[in-house]
Amino acid sequence: MSDRPSLEPSIIVIFGVTGDLSKRYLLPALYHLFKDNLLNEHTTIIGLTRQSMTTDELFGQVELCINEVDNICDPAGLKKMRENTELHQFDPADPVGYPKLLEYLNQLEEKQGMCLNRLYYLSIPPQLFTDVVHNIGAGGLNGSCQHGTAKTRLLVEKPFGYDLSSAEALIAETSKVFKEEQVFRIDHYLAKETVQNILTFRQHNPVFAGIWDDAHIKTIEVVAREKIGIAGRKNFYEGVGALRDFIQSHLLQLAAITTMELPADSSSQSIHESRQALLESITPADPALAVRAQYDSYKDEVGNPDSTTETFASIKLFIGGERWQGTPLTITTGKSLAEKRTEVTVTFTNPHIDSEVTNTLTFRLQPNEGIHLELRIKKPGFDNELEDAAMDFSYQHTFGESSPHPDAYERVLVDAVRGDRTLFATSAEVLASWRITEPIIQAWRDNADGMTTYASGSTGPDIAP
Ligand code: BG6
């Protein structure tokens, strides 16, 4: 990062530090922040785990994860992180441990001689959220340093609930313990550089502003195809499925950023208001316009021959209000497919000549991050033949390899430490997203009606519902 954030001293308490998400995303992101000296020198990581594991064992695994992504792990960066990390055996379901944890945090602050921000990061299965939040409150951990102004914050990973009513219950319970401004609901897609750029693109390229409506745009498609399957996360994924795991959170947020009214200013509040208004204007999904499928080896992988969990889902939505009345919004995701490709494609209408020949604008999130405008030009020659031509912006080409942007989890952590909630989902946005998906969740619950199977590594099922 060229512009270096100035971060306050903090204790980051990670519940579930030995879990898959923590090892694959969170700890490597913290390593990068330590390596690049972006964290305040008085930063302590407290990893909590039910398991009996040594710090050496944990760091051995973290090193493997870093190597997987970076191909190289800087020993000095890892050492710095290790010196500031403690591992504690802790059962989050047992309320007895919480007052002891509070005592320990107070002692740490005394030792450091200063008040520290306290961030509780819940990297645990969603079924445990409510109890853990309750225990945090009952154990007095939601307060902050008695003699100072440091802030206490809760960071939670999606999915926030598993349907509308459980999300409402979770939000109600959380609000008894934390104020809304203390809760940071992580949707790492919002923190992706390419996703932030969709809003910047819309705000600062007025050439598109006048044609960002249903009179000029025929379809909007949000697609996240993944090559990986469930990557060993069978306990997490079974019963969750593609709709809850990806569409209800990441992809609806992407759709909102693409279609919302531009915020009045760049404040966190204005951006949240725009996203929320758009999500609230989407008509709840019609199950008849939804497709689900499962990859062929999934049932064996999770050891459940009766599984009705979808690994592929595609839904068609309609946005209310003036701007988008005639433009369908299609959202599709699937695992174990032929390729990894995440993009938003806006297809324009062509009222003049032939409606099949038109322009498309694609925001490419991965791979080859960039923005691509597909044009039609005349092929040189005596005949009037058309040719496709592209205007292509590629991050790699424009900014080069040497200017990597912060990874989404690094951005999430930095923003949570500095208290910027712009890239996090508010409770209203979360509830609006659950309202959209609720009819399909109910229709698909405990049955496999209409479920098809697709071969792993294929392009997936036919998605026309
Ligand atoms: C997570 C989902 O939130 O996002 C995973 O739980 C998915 O199932 C992952 O694989 C995709 O993230 P990214 O950044 O690799 O596209």
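Heads up: these notes are all about the structure in this document.

1. Topic: the site of the ligand
Part 1 of the argument: Around the ligand sit 13 residues, and of these Tyr-189, Lys-192, Glu-226, Arg-233 and Asp-245 come closest.
Part 2 of the argument: With respect to the ligand, the side chain of His-188 contributes an N or O atom lying 2.8 Å from an oxygen atom.
Part 3 of the argument: One nitrogen or oxygen atom from the side chain of Lys-340 is found 3.0 Å from an oxygen atom belonging to the ligand.
Part 4 of the argument: Isolated, the ligand exposes 390 Å² of accessible area, and the fraction of that covered by the protein chains is 88%.
Part 5 of the argument: For the shell around the ligand, the leading source of residues is helix 10 (residues 241-259), giving 3 residues.

2. Comments concerning the sheet that holds strand 8 (residues 290-295)
Part 1 of the argument: Pairing in this open sheet of 9 strands is mixed, and the strands run 14-13-12-11-7-10-9-8-16 from one edge to the other. Looking along the sheet, the strands with just one partner apiece sit at the ends: strand 14 (386-394) and strand 16 (452-454). On average, each strand axis in the sheet is inclined to that of its neighbour by 20°, with strand direction left out of account.
Part 2 of the argument: Across 6 bridges, the pairing between strand 11 (residues 341-348) and strand 12 (residues 360-366) is antiparallel.

3. Here we look at the nonpolar core
Part 1 of the argument: Of all hydrophobic cores here, the largest spans 132 residues; its most connected members are Phe-15, Leu-122, Ile-136, Ile-331 and Leu-361.
Part 2 of the argument: Top contributing element to this core by residue count: helix 10, with 10 residues.
Part 3 of the argument: If we ignore the near neighbours within four places in the chain, the residues touching Ile-331 are Val-222, Ile-247, Leu-251, Leu-252, Ala-255, Ala-313, Ser-314, Ile-315 and Leu-317.

4. Observations regarding the packing of helix 10 against helix 15 (residues 427-444)
Part 1 of the argument: At a minimum axis distance of 10 Å, the contact between helix 10 and helix 15 shows a crossing angle of 145°. Here helix 10 and helix 15 pass one another in a crossing that is right-handed. In contact with Leu-243, Arg-244, Gln-248, Leu-252 and Gln-253 of helix 10, helix 15 contributes Glu-429, Val-430, Ser-433, Trp-434, Ile-436, Thr-437, Ile-440, Ile-441 and Trp-444.

5. Topic: the pattern of salt bridges
Part 1 of the argument: Tallied over the entire structure, the rule returns 22 salt bridges.
Part 2 of the argument: Between Lys-35 and Asp-36 there is a salt bridge, with its nearest N and O atoms 3.2 Å apart.
Part 3 of the argument: Between Lys-176 and Glu-173 there is a salt bridge; the shortest N-O distance is 3.2 Å. In this pair, Lys-176 and Glu-173 both sit in helix 6 (residues 164-177), 3 residues apart, roughly one turn of the helix.
Part 4 of the argument: Overall, Lys-176 belongs to the exposed group, its relative accessible area being 64%.
Part 5 of the argument: Judged by its relative accessible area of 16%, Glu-173 is buried.

6. Observations regarding the environment of Glu-86
Part 1 of the argument: Along the chain, Glu-86 falls in strand 3 (residues 85-89).
Part 2 of the argument: Measuring from C-alpha to C-alpha, the distance between Glu-86 and Val-240 comes to 32 Å, with 154 residues separating the pair along the chain.

7. So, the side chain of Glu-429
Part 1 of the argument: When you line up the elements, Glu-429 lands in helix 15.
Part 2 of the argument: When its relative accessible area of 0% is taken as the criterion, Glu-429 is described as buried.
Part 3 of the argument: Sequence-distant contacts of Glu-429, defined by excluding residues within four places in its chain, comprise Gln-253, His-272, Arg-275, Gln-276, Leu-279 and Phe-424.

8. Observations regarding the packing of aromatic side chains
Part 1 of the argument: Applying the stated rule across the entire model yields 17 aromatic pairs.
Part 2 of the argument: Relative to Tyr-454, the ring of Tyr-295 lies with its centre 6.4 Å away and its plane at 65°, an arrangement referred to as edge-to-face. In this pair, Tyr-295 is assigned in strand 8 and Tyr-454 in strand 16, connecting sequence segments 159 residues apart. Each member of the pair, Tyr-295 together with Tyr-454, is buried.
Part 3 of the argument: Each member of the aromatic cluster is reached from another via a ring pair, and the members are Tyr-237, Tyr-295, Tyr-298, Phe-312 and Tyr-454.
Part 4 of the argument: Note that Lys-192 overlies the ring of Tyr-189, its terminal NZ or CZ placed 4.6 Å from the centroid.
Part 5 of the argument: Here Arg-421 stacks its cationic end above the ring of Phe-184, 6.0 Å away from the centre of that ring.

9. Examining the sheet that holds strand 5 (residues 152-157)
Part 1 of the argument: One open sheet holds the 7 strands; their spatial order is 3-2-1-4-5-6-15, and the pairing between them is mixed. The open sheet has two edge strands, strand 3 and strand 15 (424-425), and neither has a second partner.
Part 2 of the argument: Across the face of the sheet, helix 1 (residues 20-35) comes into contact with strand 1 (10-15), strand 2 (43-49), strand 4 (117-122) and strand 5 while running at roughly 165° to strand 1.
Part 3 of the argument: On top of the sheet, helix 5 (residues 129-138) reaches strand 1, strand 4 and strand 5; it is set at about 160° to strand 4, its chief contact.

10. Concerning the pairing of strand 1
Part 1 of the argument: Among the 6 residues in strand 1, 6 count as buried, and that is most of the element.
Part 2 of the argument: Side-chain alternation along strand 1 places Ser-10, Ile-12 and Ile-14 on one buried face and Ile-11, Val-13 and Phe-15 on a second face that is also buried.
Part 3 of the argument: Of the pairings in the sheet, the one linking strand 1 to strand 4 comprises 6 bridges and is parallel in character. Among the inter-strand pairings, Ser-10 is bridged to a residue of strand 4, identified as Asn-117.

11. Some remarks on the environment of Ser-456
Part 1 of the argument: Its place among the elements puts Ser-456 in the segment after strand 16.
Part 2 of the argument: In this structure Ser-456 comes out as partly exposed when scored by relative accessible area, which is 32%.
Part 3 of the argument: As for Ser-456 and Asp-388, which are separated by 68 residues in sequence, their C-alpha atoms are 32 Å apart.
Part 4 of the argument: Not counting chain neighbours up to four residues away, the residues in contact with Ser-456 comprise Tyr-295, Asp-296, Ser-297 and Ser-336.
Part 5 of the argument: Side-chain polar atoms of Ser-456 contact the side chain of Asp-296, separated by 2.9 Å.

12. A closer look at helix 4 (residues 97-112)
Since the α-helix advances by 3.6 residues per turn, residues separated by three or four positions end up pointing in the same direction.
Part 1 of the argument: Taking 1.5 Å as the rise per residue, helix 4 with 16 residues should run 22 Å; its terminal C-alpha atoms sit 23 Å apart, in good agreement.
Part 2 of the argument: Residues Gly-97, Tyr-98, Leu-101, Leu-102, Leu-105, Asn-106, Leu-108 and Glu-109 constitute the buried set of helix 4.
Part 3 of the argument: Check the buried side of helix 4 and you find it contacts strand 1, strand 2, strand 3, strand 4 and helix 5.
Part 4 of the argument: Immediately beyond the C-terminal end of helix 4, within one or two residues, lies Gly-113, with a positive phi of roughly 70°.

About the cut-offs
- Residues numbered from 1 in each chain as written.
- Predicted model: local features only at pLDDT ≥ 70, side-chain atom pairs only at ≥ 80, totals over all residues.
- Heavy atoms only, no water.
- Near = heavy atom within 4 Å.
- Polar contact = N/O pair within 3.5 Å; in protein donor to acceptor, adjacent residues only side chain to side chain.
- Areas by Shrake-Rupley, 256 points an atom, 1.4 Å probe, with all protein chains shown as cover.
- Helix = DSSP H or I, 4+ residues; strand = E, 2+ residues; numbered from the N terminus.
- Pairing = 2+ DSSP bridges.
- Axes fitted to C-alpha atoms, helices over the stretch in contact; angles between N-to-C directions.
- Core = buried A, V, L, I, M, F, W, Y, C linked by side-chain atoms within 4.5 Å.
- Buried < 20%, exposed > 50% of the residue type's maximum accessible area, 1.4 Å probe, protein only.
- Contact = heavy atoms within 4.5 Å.
- Left-handed = near helix turned anticlockwise from the far one by under 90°.
- Salt bridge = Lys/Arg side-chain N within 4 Å of Asp/Glu carboxyl O.
- Phe/Tyr/Trp six-rings, centres within 6.5 Å; stacked < 30°, edge-to-face > 60°.
- Lys NZ or Arg CZ within 6 Å of the ring centre and 35° of its normal.
- Expected span 1.5 Å × (residues − 1).

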